[in-house]
Amino acid sequence: MSDDYDHGRRDGLRLALALLAAEEAKWSVLLGQSRSGRTNAIRAVRHKTLQVAQKRLRTALNRLAPKEEAAINVEIAAALAKMGL
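Since the structure is predicted, the reported quantities are computational estimates derived from the model, not experimental observations. (Residues numbered from 1 in each chain as written. Predicted model: local features only at pLDDT ≥ 70, side-chain atom pairs only at ≥ 80, totals over all residues. Heavy atoms only, no water.)

Trainee: Before we go on, may I ask you to explain the packing of helix α1 (residues 3-30) against helix α2 (residues 37-64) in this structure?
Mentor: Axis angle and axis distance: for two packed helices, these are the angle between their axes and the distance between the axes, and together they describe the pair. Relative to each other, α1 and α2 sit at 160°, their axes nearing to 9 Å. As far as their axial angle goes, α2 and α1 are roughly antiparallel. α1 and α2 meet at a crossing whose hand is left-handed. Considered class by class, the residues forming the contact of α1 with α2 number 13 nonpolar, 5 polar and 8 charged. (Axes fitted to C-alpha atoms, helices over the stretch in contact; angles between N-to-C directions. Helix = DSSP H or I, 4+ residues; strand = E, 2+ residues; numbered from the N terminus. Parallel < 35°, antiparallel > 145°, perpendicular 65-115°, else oblique. Left-handed = near helix turned anticlockwise from the far one by under 90°. Nonpolar A, V, L, I, M, F, W, Y, C, P; charged D, E, K, R; others polar.)

This is how it looks when you write it as structure tokens:
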């Protein structure tokens, strides 16, 4: 695959991570806020699902990173730090 294609895939994964981080932040505020135990349980499951999805995306992103280029790893670390991960 070409370098441009791989870079685009990494950018797509970074965008997905940013979206999941925003959703997780929204649901983390709502955890335990409802008087209904069932609603709180559903929110907790949804929050955990978002965390697992982020972890899987980070793993996929790490696998796509070229091993020989240290600059790419710095780029990934900066993007993850910007998202607060």
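Trainee: Would you take a moment to explain α1 for this structure?
Mentor: Every α-helix winds through 3.6 residues per turn, so residues three or four apart in the chain are directed the same way. The end-to-end C-alpha distance of α1, which contains 28 residues, comes to 41 Å, matching closely the 40 Å that a straight helix rising 1.5 Å per residue would cover. For α1, the set of buried residues is D6, R10, L13, R14, L17, L20, A21, E24 and W27. At the exit of α1 stands G32, carrying a positive phi of roughly 75°. (Expected span 1.5 Å × (residues − 1). Buried < 20%, exposed > 50% of the residue type's maximum accessible area, 1.4 Å probe, protein only.)

Trainee: What's the story with the confidence of the model for the protein chain in this structure? I'm lost.
Mentor: Regions with low pLDDT should not have their predicted coordinates read in detail. Across the protein chain, the average pLDDT comes to 83, with 88% of residues at or above 70. Mean pLDDT values for the elements of the protein chain range from 70 in helix α3 (residues 70-83) up to 91 in α2. (pLDDT = per-residue confidence, 0-100.)

Trainee: For this particular structure, what's the right way to read the pattern of salt bridges?
Mentor: Working definition: two side chains of opposite charge can pair if their charged atoms are close together. Applying the stated criterion across every chain yields a total of 2 salt bridges. In this structure, the salt-bridge partner of D11 is R14, at a minimum N-O distance of 2.7 Å. On the criterion of helical spacing, the pair formed by D11 and R14 is a turn pair, its members being 3 residues apart in helix α1. (Salt bridge = Lys/Arg side-chain N within 4 Å of Asp/Glu carboxyl O.)

Trainee: Is there a simple way to think about the nonpolar core in this case?
Mentor: The nonpolar side chains of a soluble globular protein tend to be buried, and buried together. Counting 10 residues, the largest nonpolar core is built from L13, L17, L20, W27, L50, L57, L61, A65, I76 and L80. Residue assignment for this core shows that the elements contributing at least two residues are α1, α2 and α3. At 4 residues, α1 tops the list of elements feeding residues into this core. If near-sequence neighbours (up to four positions away) are discounted, L13 is found in contact with L57, A60, L61 and L64. (Core = buried A, V, L, I, M, F, W, Y, C linked by side-chain atoms within 4.5 Å. Contact = heavy atoms within 4.5 Å.)

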